[in-house]
Amino acid sequence: MRKGQPTRRGGGDPATRGRTTIADGVVEKIAGLAARDVLGVHALGSGLSRTFGAVRDRVPGGSRSVTRGVKVEVGEVQTALDLEIVVDYGVSISDVARAVRENVVAAVERMTGLEVVEVNIAVSDVKLPEEEEEEPESRLQ
C-alpha cells in the first residue's frame, strides 16, 4: 500500500449496505396526520373508538392517538391503508375522500419511500353542526 492512498473498505454505494424496515405504526401516524389535515375531515375512527379515545386522552400520561381510525399493511416496498373518517356536514364526501387519498399517498410515499398501492376510505359518520362533541364525563378528578 502506498503512502497517501486512502484505505478502501467495503464495496459499492454505502446506501446499499443494509436494509431499512418501517413499522406499521410509523405509516399509521403519517397517514393519520395527513388525513386530519384535509378540510372537511372532522375526525378519524368510529364513534365508539373516539369515545374510548376521549377517555384515554384524559388519563394523566395518556396521549392523543393519531392512529385512531387508521389500519395499514406494510411490506418491503409497498403499503396499503384503510381509513375510517367522520366528515363535516355539507361537504362533498367524494371530494373529501379524494383529497384524503391524495394527501395520505403523498405524505406516506414522500416520508417512507414505500409505494402506496391503495387507500380505502370508510365514512362512518357525518358531524352535524348542532351536535356537541362526544365527551364522556371523566371519572377522574
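Being a predicted model, the structure only gives us computed values, none of them experimental.

Reading the values: the criteria
- Residues numbered from 1 in each chain as written.
- Predicted model: local features only at pLDDT ≥ 70, side-chain atom pairs only at ≥ 80, totals over all residues.
- Heavy atoms only, no water.
- Helix = DSSP H or I, 4+ residues; strand = E, 2+ residues; numbered from the N terminus.
- Expected span 1.5 Å × (residues − 1).
- Buried < 20%, exposed > 50% of the residue type's maximum accessible area, 1.4 Å probe, protein only.
- Contact = heavy atoms within 4.5 Å.
- Core = buried A, V, L, I, M, F, W, Y, C linked by side-chain atoms within 4.5 Å.
- Patch = residues over 30% accessible without salt bridge, like charges linked within 9 Å, V, L, I, M, F, W, Y side chains within 5 Å.
- Areas by Shrake-Rupley, 256 points an atom, 1.4 Å probe, with all protein chains shown as cover.
- Salt bridge = Lys/Arg side-chain N within 4 Å of Asp/Glu carboxyl O.
- Lys, Arg positive; Asp, Glu negative; His and termini not counted.
- Charge placed at Lys NZ, Arg CZ, Asp CG, Glu CD.

I'm lost on helix H1 (residues 24-36) in this one. Help?
Each α-helix turn comprises 3.6 residues. Residues three or four places apart therefore point the same way. Over its 13 residues, H1 extends 18 Å from the first C-alpha to the last, a length consistent with the 18 Å expected when each residue adds 1.5 Å. Of the positions making up H1, those classed as buried are Val-27, Glu-28, Ile-30, Ala-31, Gly-32, Ala-34, Ala-35 and Arg-36. Of the surrounding elements, those touching the buried residues of H1 are strand E1 (41-44), strand E2 (70-74), strand E3 (78-88) and helix H3 (93-112).

Sorry, what's going on with the nonpolar core here?
The biggest cluster of nonpolar side chains holds 24 residues, and the ones touching the most others in it are Leu-81, Val-100, Val-104 and Val-108. Contributing elements (two or more residues each) for this core: H1, E1, E2, E3, H3 and strand E4 (115-127). Discounting chain neighbours no more than four positions away, the residues touching Val-104 are Ala-31, Ala-34, Ala-35, Leu-81 and Val-119.

Looking at this structure, I do not really get a negative patch on the surface. What am I missing?
On the surface, a cluster of negative charge is made up of Asp-24, Glu-73, Asp-82 and Glu-118. Relative to the assigned elements, Asp-82 resides in strand E3. Of the residues examined, Asp-82 reaches a relative accessible area of 38% and is grouped as partly exposed.

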